[in-house]
Structure formats: structure tokens, C-alpha cells
Amino acid sequence: TRGVEVKRVRLRGTHTLAYVLMRFMRDVTGLRGTELHYFGLRIPRSLRSLWIYIETVSVLPLVFLYYYLLRIRYLIISERSLLDVIIWILTGVNETPSKLLSVKALKFLLLLAFKFKNYTIYVTASKSTLISRKATERSLIIKMKDYYDLLANRLSLTTIDTSTCSTTECLKRVLSIIYTIYR
């Protein structure tokens, strides 16, 4: 790491508070469905804005840890980022990216993502490449990929397309970017 302190962090969708509420809503109230990805939960339209706030509040402790570590100059290695959280929330409640500008919680997350965009590398591949790598996630890839590309483009994120380079070449690109940021 050439003298750079490294921390591994993972931001996931549906954190503690949201997870407990999700389980309650699914198992006790019977709101079963396919909308909230892996969890088999249906969020009624009347509760979608509330759910966005619950997800946002639930993930904030991890988001603040992540960005605190960046501020004290740690290199953060994470398979998930704030971009993933935003997309998880939007697609989990079947909302369009335009919802980012109408819900204060999502605007706040988007502002944080923008503030630290220079520390985020968007590692992606084409839809067909992603599907070939993980066919069991086909429906999620189709549902989420356009959101990722749109937000990565809007945030002007540094992007590495892994469908056009070997593993070694992609790693070299990532390391080159990291060394540029942390010189």
C-alpha cells in the first residue's frame, strides 16, 4: 500500500434498523412480495417514502464511519459504496432516479456521494458480461445496471469497465488511480 493505511468497510442495503423492521413487516404484517430484492417484502406505495427514510437512517452510522476514515486519510476498500445504498433503496421501493431530488433523505445521501466522488471508483461491466458472470442475479442486474450507470455518469465517477480488460489489467488501473489519489 506504499505507506497508505488501509481499512476494509462494507456498506450494505438494509441495515440493522431497516432489517428488523423489514422482518416485522414481512413476517408479522404479511407484506410478502418480490419488491425488496432478496427479502421477499412488498412495500406499499403509501409507505415508500417512510421506508426510504428508515433505510437512510439505518445506514448513516456506517456512512459516517466510511467518510470519517476517508477524512483521516485511510484508503477504504469496499465492495459496496454509498452509490450501492442509494440504488438499493430506489430499486427496492420501485422508484425512479427522479425520486433522488424529491426525498430529502436521498438528496442527503446523493450530496455525500458527490462530496466524496473523487474517492470512489465505479467498477462495472456490460449487462451481458455481468449476467454471464452471475446468471442467478439476472433480474437484479437488469433492474439496477441503468441506475448505476446514470448515477456514476451524473457524479462523474472514475470508471473501470471490467468487460474490456483482464483481471490483471483492471487491478493495475485501480492501483494507478489509488496511487494518484493518495500521493
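Thresholds, definitions, all that
- Residues numbered from 1 in each chain as written.
- Predicted model: local features only at pLDDT ≥ 70, side-chain atom pairs only at ≥ 80, totals over all residues.
- Heavy atoms only, no water.
- Helix = DSSP H or I, 4+ residues; strand = E, 2+ residues; numbered from the N terminus.
- Phe/Tyr/Trp six-rings, centres within 6.5 Å; stacked < 30°, edge-to-face > 60°.
- Buried < 20%, exposed > 50% of the residue type's maximum accessible area, 1.4 Å probe, protein only.
- Salt bridge = Lys/Arg side-chain N within 4 Å of Asp/Glu carboxyl O.
- pLDDT = per-residue confidence, 0-100.
- Core = buried A, V, L, I, M, F, W, Y, C linked by side-chain atoms within 4.5 Å.
- Axes fitted to C-alpha atoms, helices over the stretch in contact; angles between N-to-C directions.
- Parallel < 35°, antiparallel > 145°, perpendicular 65-115°, else oblique.
- Left-handed = near helix turned anticlockwise from the far one by under 90°.
- Contact = heavy atoms within 4.5 Å.
- Pairing = 2+ DSSP bridges.
- Polar contact = N/O pair within 3.5 Å; in protein donor to acceptor, adjacent residues only side chain to side chain.

Caption draft 1: How the structure looks around unusual backbone geometry. In this model, serine 156 sits at a positive phi of 55°, which is unusual for a non-glycine residue. Residue placement: serine 156 occurs in the loop between α6 (138-154) and β4 (158-161).

Caption draft 2: Structural context of the packing of aromatic side chains. By the definition in use, this model includes two aromatic pairs. Both rings, one in phenylalanine 116 and one in tyrosine 119, keep their centres 6.3 Å apart while their planes meet at 45°; by these two values the pair is tilted. Residue tyrosine 119 is classed as partly exposed on the basis of its relative accessible area, which comes to 30%.

Caption draft 3: Summary view of the pattern of salt bridges. Enumeration according to the criterion identifies two salt bridges in this entry. Between aspartate 146 and lysine 127 there is a salt bridge whose closest N-O contact spans 3.3 Å. A residue pair is termed long-range when its members are at least 10 positions apart, and aspartate 146 in helix α6 and lysine 127 in helix α5 (residues 127-133) qualify at 19 residues. Given the relative accessible area of 47%, aspartate 146 is considered partly exposed. What makes lysine 127 partly exposed here is its relative accessible area of 29%. Across the pair lysine 145 and aspartate 149 runs a salt bridge whose closest N-O atoms are separated by 2.7 Å. Of this pair, lysine 145 and aspartate 149 both sit in helix α6, four residues apart, roughly one helical turn.

Caption draft 4: How the structure looks around the confidence of the model for the protein chain. Averaged over every residue, the pLDDT of the protein chain is 82; residues scoring 70 or more account for 89%. At the low end of the mean pLDDT range in the protein chain sits strand β1 (residues 6-8), at 68; at the high end sits α5, at 96.

Caption draft 5: Summary view of the nonpolar core. Counting 46 residues, the largest nonpolar core has Trp51, Tyr67, Leu82, Leu83, Ile86, Leu106 and Leu109 as its most contacted members. A total of 10 residues in this core trace back to one element, the largest contributor, which is helix α2 (residues 48-71). Listed in part, the seven residues of the second largest apolar core include Leu75, Cys165, Cys170 and Ile177.

Caption draft 6: Structural view of the packing of helix α3 (residues 82-92) against α6. Axis separation between α3 and α6 bottoms out at 10 Å; the angle between their running directions is 135°. In terms of orientation, α3 lies oblique with respect to α6. Handedness of the α3/α6 crossing: right-handed. Note on element contacts: α6 touches α3 through Lys143, Met144, Tyr147, Tyr148, Leu151 and Ala152, opposite Leu83, Asp84, Ile86, Ile87, Trp88, Leu90 and Thr91.

Caption draft 7: Fine view of the pairing of strand β3 (residues 121-124). Alternating residues of β3 divide into Tyr122 and Thr124, all buried, and Ile121 and Val123, none buried. As defined by bridge partners, β3 adjoins β4 across four bridges and the pair is classed as parallel. Pairing of tyrosine 122 across the sheet is with threonine 159, part of β4.

Caption draft 8: Molecular detail of the environment of lysine 145. Take lysine 145: its relative accessible area is 8%, and that puts it in the buried class. Of note is the side chain of lysine 145, whose polar atom sits 3.1 Å from the backbone oxygen of alanine 125.

Caption draft 9: View of α3. Of all 11 residues in α3, 11 are buried; the element is thus mostly enclosed. Turning to α3, its buried residues are Leu82, Leu83, Asp84, Val85, Ile86, Ile87, Trp88, Ile89, Leu90, Thr91 and Gly92. Buried residues in α3 make contact with α2, α4 (104-115), β3 and α6. In the segment just after α3, asparagine 94 is the residue with positive phi, at about 55°.

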